[in-house]
Amino acid sequence: MNLAQTFTPARAVAQHCDELIRRGPRPEERAQHLASWRRDVAREVARDLADLLSGAKLEAQLSEPEAISGKAVFDRIGPVAANSLLRCGADDRTVLLSFDIATAIALTDRSFGGSGEAVSSDVTSLPRSAGLLVEQAARIIAQAIAKASARSSGHGGETPRTSSADVMIRSESAARLKPFDLGSDCVLFTLEFGIANNVRWTAVLAMPADRLDSLLPGLGSAGAASPRSVSAHAKEIAFGAIPLPLEAVLAEFDLPLARLERLLPGDCIALSVVRDIPLRIGAQTVARGSLGTMEDRMALRLTGVCANRAFLEGQMS
């Protein structure tokens, strides 16, 4: 009697996606991660902002997150404030940082050796000196968040890449930065810092609610890699060195065929350079930026990166 059999599966074996089978952290685990992250952010901010504010020894604390809608965040900030969109890590880990105008001016006063006390003012726009001070403070806060997020993630508390923590763009209108939609579920933190038993300053940090876990050590992308991320990493190894031709389009215009036929060396064509310059691969826009200089060369400072993962994967496949 031959018991050897060849069985044919009745149907294909199910392939469950990582999002369905992944087990999220228990509430108490998440609360512990959040408390540790808040403490680390406050410690980094207090230490790194000290030199900017005349070397004063600072104390800082980051509040519990407040569940809030995107529209309510913008209403809380108001129509005019010192707003910055921070890049606090890889991918889409961006955070909205906002100081009110009075606080921005008070911080500027403190940086020049003043008391740093906020005074009532009718100023409705940000002075240039205050704008420069806010950008420096925002960059320090972005790096503090990135460092706190990297802690316990194998980076020894250091930012994995310095360039991944920076100020992407500033505006006196928070809505213009488009950090999230009006109807988005968001979380809002209040960052309070200052000199012990003396003047205190506050700032607002806000982000989409579903982005918070990516910033918490052990819960975000620094944890165990999913099958999908392993596959993406394999693609980076295989295709990451392939050069792609990019072009920064300073201006586009229409020229009549008759005028085109009459073009001669020495002719001048007026150009209207756009403020938000697209960076393209072929006809596909992958990023946008503002024109500037770096050392002795022209440079493009990126203000936004488009969501073109599907396009790039298509180019690599």
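Since the structure is predicted, the reported quantities are computational estimates derived from the model, not experimental observations.

Enquirer: Lay out a nonpolar patch on the surface with the relevant residues and their values.
Expert: Taken together, the side chains of Leu250, Phe253, Leu255, Leu257, Leu260, Leu263, Ile269, Leu271, Val273, Leu291 and Met298 make up a nonpolar region of the molecular surface, amounting to roughly 980 Å² of accessible area. With respect to the element layout, Val273 can be found in the loop between helix H8 (257-261) and strand E9 (277-281).

Enquirer: Before we move on, can you summarise the packing of aromatic side chains with the specific residues and values?
Expert: Tallied over the entire structure, the rule returns 3 aromatic pairs. Here the aromatic rings of Trp37 and Phe189 are separated by 5.6 Å at their centres, their planes lie at 65 degrees, and the arrangement is edge-to-face. Placement of the pair is Trp37 in helix H2 (residues 27-48) and Phe189 in strand E6 (residues 185-195), with a sequence separation of 152 residues. For the pair Trp37 and Phe189, a shared accessibility class is recorded, and that class is buried. With a centroid separation of 5.6 Å and an interplanar angle of 45 degrees, the aromatic rings of Phe193 and Trp201 are classed as tilted. For the pair shown, Phe193 and Trp201 are each scored as buried.

Enquirer: Can you break down the nonpolar core residue by residue, with the values?
Expert: Of all hydrophobic cores here, the largest spans 47 residues; its most connected members are Trp37, Phe99, Ile141, Phe189, Trp201 and Leu205. Ignoring any residue separated from it by four or fewer positions in sequence, one finds Phe99 in contact with Ala81, Ala82, Ala104, Leu107, Val134, Ile141, Phe193, Thr202 and Ala203.

Conventions and cut-offs
Residues numbered from 1 in each chain as written. Predicted model: local features only at pLDDT ≥ 70, side-chain atom pairs only at ≥ 80, totals over all residues. Heavy atoms only, no water. Patch = residues over 30% accessible without salt bridge, like charges linked within 9 Å, V, L, I, M, F, W, Y side chains within 5 Å. Areas by Shrake-Rupley, 256 points an atom, 1.4 Å probe, with all protein chains shown as cover. Salt bridge = Lys/Arg side-chain N within 4 Å of Asp/Glu carboxyl O. Helix = DSSP H or I, 4+ residues; strand = E, 2+ residues; numbered from the N terminus. Phe/Tyr/Trp six-rings, centres within 6.5 Å; stacked < 30°, edge-to-face > 60°. Buried < 20%, exposed > 50% of the residue type's maximum accessible area, 1.4 Å probe, protein only. Core = buried A, V, L, I, M, F, W, Y, C linked by side-chain atoms within 4.5 Å. Contact = heavy atoms within 4.5 Å.

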